[in-house]
Amino acid sequence: MSESNSGFSGAGLRTLREVLARHVETGRIPGLVALVSRGGRTHVEAIGTMRHDGGAPMRRDTIFRMASTTKPVTTAAAMVLLDECRLRLDDPVDPWLPELADRRVLKRPDGPLEDTVPARRPITVRDLLTSTFGLGVDFALMDSLIRAATFERLDYSVASGPAPGPDEWMRRLGELPLSYQPGERWQYDLSNEVLGVLVARVTGRPLETFLRERILDPLGMKDTGFHVPAGKIDRLPPLYGPDPQTGEFLVWDEAEGGRSSCPPAFQGAGGGLVSTVDDYHAFFRMLLNHGMHGGERILSRPAVELMTTNRLTPEQRAARDAMYRNIAHLTVGQGQQGGWGFGMAVRTHRGDYAPVGQFGWDGGTGTTAYADPHHRLTGILLTQVGMSTPDSARLIHDFWTTLYQAIDD
């Protein structure tokens with residue numbers, strides 16, 4: 001890659017590689033694949049091995065469990081429906097999701113589940129897109145009764161076993177009160193899962209079928225989906241969740257015979273995709289190009305602008321900031337960007353090396369993917385180490401810190 005017109009300095013890219021390699025050399029990150037692009041030029045690093053005890057090396061086409069970096073891609077499917085006027089932002093979701101009609105809301109978010117009042121209004125499409133429909137992960141209320149009930153009924157993380165089909169999952173959701181009134185407060189994760197069910201019901205097809213037809217195939221994202229087919233399973237590493245006390249590598253999910261090796265009953269729009277650095281590069285490059293991929297329009301320009309600019313009120317942002325500030329020591333500051341668009345974070349203030357306007361998100365399996373309109377830059381870093389310890393979060397932090405220093409104007 002030429003140093004003069006790449007948009008990155010040669011010295012900066014060498015430093016980036018050295019910093020990434022240093023994390024692998026500690027033994028706490030077995031391997032990683034990183035892609036950075038700017039000005040039409042792309043640079044990829046594949047370092048380390050697929051397994052913690054050696055074996056096959058990481059490659060550019062290694063497939064990773066994307067976890068919450070799934071959210072921007074599946075949200076794009078909902079934006080297609082907005083573009084086509086099959087959904088409207090402020091329409092109630094009741095016609096498609098009757099399980100969410102006539103909600104009850106807790107009088108206090110940390111109170112007993114039976115102490116409720118009626119919802120002041122229906123849940124809307126906008127509430128799902130902005131993660132403000134009234135239920136989700138609230139890091140300030142992890143000991144609340146509603147958190148325990150939500151986890152028991154709806155969680156399908158690696159520790160909890162697979163989820164039921166979408167209709168049963170929605171039935172369970174409909175049994176719960178909301179923590180907050182619709183539109184009142186940003187809460188993490190759950191709204192994206194509901195949004196995936198909404199897309200499937202509006203289109204009358206499985207989420208992945210519609211996503212593949214309108215987003216994945218047009219972008220050439222051939223390795224992205226909700227499972228890894230048998231012919232590609234050798235490209236999927238195990239997923240590790242190191243022991244928080246000892247750092248010992250515990251396998252959360254094996255490749256062969258693991259959860260990603262067969263189609264799930266519930267296609268999780270909040271965290272279920274597997275993918276590669278090149279597939280995600282195609283998606284974020286489309287967003288940087290205002291919805292265009294080559295000569296084909298994937299999303300309208302206004303749809304992309306809605307996704308990639310802040311959609312939260314000052315009050316919602318303040319509550320979100322306070323929540324993430326209290327867990328910054330666990331996440332190395334991830335989540336403190338200030339804003340949230342549709343399906344991803346948007347930086348509304350400068351708190352580190354990345355500028356205002358950067359958009360994207362991170363995943364609990366040690367993944368990160370953001371684009372920066374100001375510098376026309378995309379960065380993607382994928383690992384197989386879940387965030388049960390700070391190691392992958394620190395790696396992600398150092399990736400962005402060194403990447404921004406590598407910019408050469």
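Please refer to the structure higher up on the page.
Since this is a predicted model, take the numbers as computed values, not measurements.

Here we take up the overall build of the chain. The number of helices and strands found in the chain is 12 helices and 16 strands. In terms of C-alpha radius of gyration, the chain reaches 20 Å, essentially the compact-globule figure of 22 Å for 409 residues. Projected onto its principal axes, the C-alpha coordinates of the chain cover approximately 60 × 50 × 40 Å. In the chain, which comprises 409 residues, the share counted as buried stands at 56%. Long-range contacts, defined here as pairs at least 24 residues apart, represent 69% of the contacts in the chain between residues at least 6 apart. For the chain, the computed accessible surface area is about 16,200 Å², with 51% contributed by carbon and sulfur atoms. The centroid of the 44 positive side-chain charges in the chain is displaced by 3 Å from the centroid of its 50 negative side-chain charges.

Of the residues making up helix H9 (residues 301-308), those classed as buried are Ala-303, Val-304, Met-307 and Thr-308. Burial along H9 is one-sided: seen end-on, the buried residues are contained in an arc of 120°. One side-chain oxygen at the N-terminal end of H9 lies 3.1 Å from the backbone nitrogen of Ala-303; it belongs to Ser-300.

A separate point is the sheet that holds strand E15 (residues 367-372). The strand order across the open sheet formed by 8 strands is E3-E2-E1-E16-E15-E14-E13-E12, and the pairing between neighbours is antiparallel. Sheet topology places strand E3 (54-57) and strand E12 (338-340) at the edges, where each strand pairs with a single neighbour. With strand direction ignored, the average angle separating the axes of adjacent strands in the sheet is 20°. Direction of pairing for E15 relative to strand E16 (residues 377-383): antiparallel, over a ladder of 6 bridges. Across the sheet, the residue bridging to Thr-368 is Leu-381, located in E16.

Counting buried residues in strand E1 (residues 31-38) gives 8 out of 8 residues, a clear majority hidden from the surface. Judged by which residues are buried, E1 turns out to be covered on both faces: Gly-31, Val-33, Leu-35 and Ser-37 on one side and Leu-32, Ala-34, Val-36 and Arg-38 on the other are all buried. The turn joining E1 and strand E2 (residues 41-51), which pair antiparallel and follow one another in sequence, is formed by 2 residues; a positive phi near 60° is taken by Gly-39. Bridge count between E1 and E16: 7 bridges; the pairing is antiparallel. The partner of Leu-35 across the bridge, within E16, is Ile-380.

Sheet topology places E2 next to E3; 2 bridges connect them, and they run antiparallel. Bridge pairing in E3 places Arg-51 opposite Gly-54.

Turning our eyes to something else, we now look at the side chain of Gln-358. Looking at the element boundaries, Gln-358 is found in the loop between strand E13 (345-347) and strand E14 (359-363). Among all residues touching Gln-358, those that are not within four sequence positions of it are Ala-345, Val-346, Arg-347, Tyr-370, Ala-371, Asp-372, Pro-373, Trp-400 and Tyr-404.

Attention now goes to the pattern of salt bridges. Across all of its chains, the model carries 30 salt bridges by this definition. Within this structure, Arg-59, Asp-61, Asp-223, Lys-232 and Arg-235 form a network of salt bridges that share partners.

On to the nonpolar core. Ranked by size, the top nonpolar core spans 76 residues in total, and within it Trp-169, Phe-283, Leu-287 and Leu-299 carry the most contacts. Each residue touching Leu-299, except ones within four places of it in the same chain, is listed here: Ala-76, Met-79, Val-80, Asp-83, Met-286, Leu-287, His-290, Gly-291, Val-304 and Met-307. Counting residues in each nonpolar core, the second largest holds 36 residues, with Leu-20, Ile-47, Tyr-404 and Ile-407 among its members.

Under the defined criterion, the tally for this structure stands at 17 aromatic pairs. Taking 6.0 Å as the distance between ring centres and 50° as the angle between the ring planes, the aromatic pair formed by Trp-186 and Tyr-324 counts as tilted. With Trp-186 in the loop between helix H5 (166-174) and helix H6 (190-203) and Tyr-324 in helix H10 (residues 314-325), this residue pair connects regions lying 138 residues apart in the sequence. When sorted by exposure, Trp-186 lands in the same class as Tyr-324, which is buried. Among the aromatic residues, ring-to-ring pairing joins Phe-139, Trp-186, Tyr-188, Tyr-324, Trp-340 and Trp-361 into one connected group.

A few words now on the environment of Gly-196. Secondary-structure assignment places Gly-196 in helix H6. Through-space distance from the C-alpha of Gly-196 to that of Ala-345 is 18 Å; in sequence the pair is 149 residues apart. Those residues in contact with Gly-196 that sit more than four places away from it in its chain are Leu-207 and Ala-269.

Turning our attention to the packing of helix H2 (residues 71-83) against H9. Two elements in contact, H2 and H9, have axes whose closest approach is 10 Å; the angle formed by their N-to-C orientations is 140°. Viewed along their axes, H2 and H9 adopt a mutual orientation that is oblique. Regarding H2 and H9, the two cross each other, and that crossing is right-handed. Across from Pro-72, Thr-75, Ala-76, Met-79 and Asp-83 in H2, the residues of H9 making contact are Ala-303, Leu-306 and Met-307. Its residues placed into classes, the contact of H2 with H9 shows 6 nonpolar, 1 polar and 1 charged.

Each value, and the rule that gives it
- Residues numbered from 1 in each chain as written.
- Predicted model: local features only at pLDDT ≥ 70, side-chain atom pairs only at ≥ 80, totals over all residues.
- Heavy atoms only, no water.
- Helix = DSSP H or I, 4+ residues; strand = E, 2+ residues; numbered from the N terminus.
- Rg over C-alpha atoms; globule rule 2.2 N^0.38 Å.
- Buried < 20%, exposed > 50% of the residue type's maximum accessible area, 1.4 Å probe, protein only.
- Contact = heavy atoms within 4.5 Å.
- Areas by Shrake-Rupley, 256 points an atom, 1.4 Å probe, with all protein chains shown as cover.
- Lys, Arg positive; Asp, Glu negative; His and termini not counted.
- Charge placed at Lys NZ, Arg CZ, Asp CG, Glu CD.
- Arc of directions from axis to C-beta.
- Polar contact = N/O pair within 3.5 Å; in protein donor to acceptor, adjacent residues only side chain to side chain.
- Pairing = 2+ DSSP bridges.
- Axes fitted to C-alpha atoms, helices over the stretch in contact; angles between N-to-C directions.
- Salt bridge = Lys/Arg side-chain N within 4 Å of Asp/Glu carboxyl O.
- Core = buried A, V, L, I, M, F, W, Y, C linked by side-chain atoms within 4.5 Å.
- Phe/Tyr/Trp six-rings, centres within 6.5 Å; stacked < 30°, edge-to-face > 60°.
- Parallel < 35°, antiparallel > 145°, perpendicular 65-115°, else oblique.
- Left-handed = near helix turned anticlockwise from the far one by under 90°.
- Nonpolar A, V, L, I, M, F, W, Y, C, P; charged D, E, K, R; others polar.

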